[in-house]
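Coordinates in review
Listed below are the residues making up each chain.
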Amino acid sequence: MSALQLLVGVVLPFVAVLVFVVGMAYRFRVWFKTPQPAKMTLTPAPKGSLAGAVLAETMFFPSLFKGDRVLWLFSWFFHVTLALIALGHIRVVTGLADAILISMGMTAENVDQMSSISGGAAGIVILATGALLLARRFVVARVREISGTGDFLALLLLLTIIFTGNMMRFGAEHFDLGQTRAWVHSLLTLSPTVPANGTFLVHALLAQLLFIYIPFSKILHFGGIFFTQALVKRS
Amino acid sequence: MTKSTNTEKVIAAVSAIDQGPKVLKTYMETCVKCGTCAEVCPVYYGKPEQRFNPAWRSDLVRSIYRKYNTTVGKVFGGLAGARAPDDNEAEKWADYFYECTGCRRCAVYCPFGIDNSVITRKGRAVVDTLGFTPPTMQKVIEVSLKTGNTDGATPQAFKASIDFLEEEMRDEHGVDIKIPVDVVGAEYFYVPPSGDVMVNPEATTGVAKVFHVLGMQDKWTMSSHYFDGANYGLFTGNDAHMKADNKPYVEEAKRLGCKVMLMGECGHAYRIMKRMMEAGKWWGDLPFKIMNCMEFTAEKIQQGKLQFDKSKNPQPVTYHDPCNFGRSCDIIEEPRVILQASCTDFREMTPNRGENWCCGGGAGLSAMDSIKEFRMSVSGKKKVEQIRATGAQYVAAACSNCKRQLTQLSEYHKTGVAVGGVHDMLSRAILINGKAAERKDFTG
């Protein structure tokens, strides 16, 4: 086993999961416990339930839609595709999704085909929208003048992960679901067998670094939004 | 005071954000720098420069927070957007943070609902701690804490004003319309901004006429000591001052034994009473309710208890939603009910309600003559365009600060638009014994 395989396939998975889970749990706990005596609701307050209003914000970005439609277009497609890709990665770790789809009448070939088409399309959309978000940081003055290293780093890291992911779909070193599932399974039984695919190793390395980075970075916003939106939406 | 102790004070004040409030704490860690706040900010609209970009201004605080309160900031410093404060950080902040009108419009459009006014107020609190609060603001605070009102008026001066207003109303209607003062046991305790007694008193005569028509002239009172809800502690970020300024009003309400504290046409005063003092239980549970005079009057109009001669207000009238009423207190439809009942030609400006643009004088800026040029040509630029587009000749605003800013904008840009309150229009059109006020022509 190479050093990279050892790092990416054996050490980092445990470190990344630990740092991510503990880091996020700590953030949530602090955010939850910090006192808020004054009422900060923005009026007119949403008519339905608070949970509904906050959920709507996290799913459809209606406030942003009112404020900046171009950014809404880029960022909504970026985030939705990211969520779909995260879902798609269930197939990478377990054959369970395949089994369910097959039990519903699809053939194994159909499942692979569907995955190729939707996964391939998602990979292109997210690369394009991510690149547009990056370009925006250089081109639009009001964004450029507030962008810092962390803003570029987060996007570049994500884009590199996306790019290596796409390489495994469209390039020479195609991913091998059998190997990745065996790897994940081997981690759970603490007897690691790590794929040797170089692109895969780089992709997995960066993805795990991302998970370690999240609790300390601006990507925290995916958790913060539930708190910040609830503060201004509760009636 | 040496530079280093000043720097230490800045660091200590910023580090204290970890203790809350939750809005501030979460805003330190959630902004993604998308620039949407700048797109919807009245100041940045007036002059699109980095200095006026809300996220950049908020980052003045955030970057110091990162340096001392976060792991990445401590380890990676500037790479993580962290920095130590300059020797004269607070002096610079005294300029920067008094260039935000605290209107909360950014929070409406921010995908996270981040309210930059909260960070502005924190920035100003730091400025205040180090003694760099702009002199105008500092003076208003001192006067208010000493006398109970921001004009420094004595109870005698107040009573003289009230006598004058009662005389005016007698001239207008030929009957005695009372403004009761210091009546223990009155049901309603009316707390306007002092401007609505001293400077633009028509709002107060409007309220008096409403009580008169309802036959409730004995059921309300004002206080000769506490007749000014304005509270500049909100604007300087000094919580101790804000509470010290607020407490005598609550005690006066208890002393008078009122059932309702009826707040006047002053957005920030109502917001402090309702959303901060009452919600935060500063003085425990209260033996009285807090409501706004516009809620009171609108309800009576909808019940058909008040009649008007709309022809007394023939000119096109528009309503400017003050930020603290429209975006922070949900007093939105009530002023419209009053204006539509008392004016012939009511027009909406666009956008309006919770999305209205700030007058450009919010968060106390309106009182600062030192930045008048900025208020006229930068922060108020959008407002002038918005009012012009309505074709209105009178803009009603339920806020003394908005009224000052809007009046100055009207003069500076020579728009010829008259500015006043909401109950002002009611006062001119309400029927008493079947007749509206006989007065000079207001339309000019």
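Residues numbered from 1 in each chain as written. Chains lettered and ligands numbered in written order. Predicted model: local features only at pLDDT ≥ 70, side-chain atom pairs only at ≥ 80, totals over all residues.

**Quick notes on the overall build of chain B**
Across its full length, chain B holds 23 helices and eight strands. Its C-alpha atoms give chain B a radius of gyration of 22 Å, within 12% of the compact-globule value 22 Å for 444 residues. Across its three principal axes, chain B shows a C-alpha extent of roughly 75 × 50 × 35 Å. Counting contacts in chain B only where the partners sit at least 6 residues apart, residues at least 24 apart contribute 80% of the total. (Helix = DSSP H or I, 4+ residues; strand = E, 2+ residues; numbered from the N terminus. Rg over C-alpha atoms; globule rule 2.2 N^0.38 Å. Contact = placed C-beta atoms within 7 Å.)

**Considering the domain arrangement of chain B**
Residue and element names in this part refer to chain B. What the domain assignment reports for chain B is domain 1 (3–129), domain 2 (147–301) and domain 3 (305–429). Each of domain 1 and domain 3 has a C-alpha centre, and these two points are 30 Å apart. Listed per partner, the contact involves 16 residues of domain 1 and 20 residues of domain 3. At the level of secondary structure, the elements contributing two or more residues to the side of domain 1 that touches domain 3 comprise helix H4 (42–46), helix H8 (105–109) and helix H9 (116–129). Counting residues per element, the side of domain 1 that touches domain 3 draws most heavily on H4, which supplies four residues. (Domains from an automatic or database assignment.)

**Overview of the pairing of strand S3 (residues 260–263) of chain B**
All names here are of chain B. Here strand S1 (residues 188–191) runs beside S3; their pairing, made up of four bridges, is parallel. By the bridge assignment, valine 191 is partnered in S3 with methionine 263. With four bridges joining them, S3 and strand S4 (residues 289–292) adopt parallel strand pairing. Paired with methionine 261 across the bridge in S4 is isoleucine 290. Taken together, S3, helix H16 (residues 267–278) and S4 constitute a β-α-β crossover, and its handedness is right-handed. (Pairing = 2+ DSSP bridges. Right-handed = clockwise from strand over helix to strand, strands pointing away.)

**Digging into the sheet that holds strand S2 (residues 220–221) of chain B**
Residue and element names in this part refer to chain B. The strand order across the open sheet built from four strands is S2-S1-S3-S4, with neighbouring strands paired in parallel fashion. In this open sheet, the two edge strands, each paired with only one partner strand, are S2 and S4. In the packing of helix H17 (residues 293–302) onto the sheet, contacts are made with S1, S3 and S4, and the angle to S4 comes to roughly 70°. (Axes fitted to C-alpha atoms, helices over the stretch in contact; angles between N-to-C directions.)

**Section: the sheet that holds strand S6 (residues 345–347) of chain B**
Residue and element names in this part refer to chain B. Taken in spatial order, the four strands make up an open sheet running S6-S5-S7-S8, and their pairing is parallel. Of all the strands in the sheet, just S6 and strand S8 (418–420) have a single pairing partner and so form its edges. Shown here is a sheet whose adjacent strand axes are inclined to one another by a mean of 30°, direction ignored.

**Examining helix H7 (residues 108–139) of chain A**
If you check H7(A), its first and last C-alpha atoms are 46 Å apart, about what 32 residues at 1.5 Å a residue would give, namely 46 Å. Among the residues of H7(A), those classed as buried are Ala122(A), Gly123(A), Ile126(A), Thr129(A), Gly130(A) and Leu133(A). (Expected span 1.5 Å × (residues − 1). Buried ≥ 20, exposed ≤ 12 C-beta atoms within 10 Å, placed from the backbone.)

**Observations concerning the pairing of S1(B)**
Residue and element names in this part refer to chain B. Here S1 shows two buried faces, one formed by Tyr188 and Tyr190 and the other by Phe189 and Val191. Bridge count for S1 against S2 is two bridges, and the pairing is parallel. Bridge pairing links phenylalanine 189 to threonine 221 in S2.

**Side note on the packing of helix H20 (residues 372–379) of chain B against helix H22 (residues 400–412) of chain B**
Residue and element names in this part refer to chain B. As a packed pair, H20 and H22 sit with axes 10 Å apart at the nearest point and diverge in direction by 75°. By the angle between their directions, the pair H20 and H22 is classed as roughly perpendicular. Where H20 approaches H22, its residues Lys372, Arg375 and Met376 are matched on the opposing element by Gln405, Gln408, Leu409 and Tyr412. For the contact of H20 with H22, a count of residues per class yields three nonpolar, two polar and two charged. (Parallel < 35°, antiparallel > 145°, perpendicular 65-115°, else oblique. Nonpolar A, V, L, I, M, F, W, Y, C, P; charged D, E, K, R; others polar.)

**Here's the deal with helix H10 (residues 135–147) of chain B**
Residues and elements named next belong to chain B. When the terminal C-alpha atoms of H10 are compared, their 18 Å separation across 13 residues agrees well with the 18 Å that a helix rising 1.5 Å per residue should span. Along H10, the residues that are buried comprise Met137, Val140, Ile141 and Ser144. Relative to the axis of H10, the buried residues are bounded by an arc of 100° and lie together on one face. Projecting away from the buried face of H10 at angles above 90 degrees are the exposed residues Pro135 and Lys146. Buried residues belonging to H10 abut helix H14 (233–236) and helix H15 (239–256). Phi turns positive one or two residues past the end of H10, at glycine 148, with a value near 90°. (Arc of directions from axis to C-beta.)

**As for the interface of chain A and chain B**
With 42 residues of chain A at the interface, the matching set in chain B holds 50 residues. Contributing elements (two or more residues each) for the side of chain A that touches chain B: helix H3 (62–67), helix H8 (141–144), helix H9 (149–170) and helix H12 (221–233) of chain A. When residues of the side of chain A that touches chain B are assigned to their parent elements, the largest contribution, nine residues, is made by H12(A).

**Some details on unusual backbone geometry**
Residues and elements named next belong to chain B. Put simply, glycine 20 and proline 21 share a cis peptide bond, and its omega is 0°. Along the chain, the position of proline 21 falls in the loop between helix H1 (3–15) and helix H2 (22–30). Of note, the bond from threonine 350 into proline 351 is cis; its omega dihedral lies within 30 degrees of zero at -10°. Mapped onto the elements of the fold, proline 351 is located in the loop between S6 and H20. Positive phi outside glycine occurs at lysine 33, with the angle close to 60°. Its location among the elements puts lysine 33 in the loop between H2 and helix H3 (36–40).

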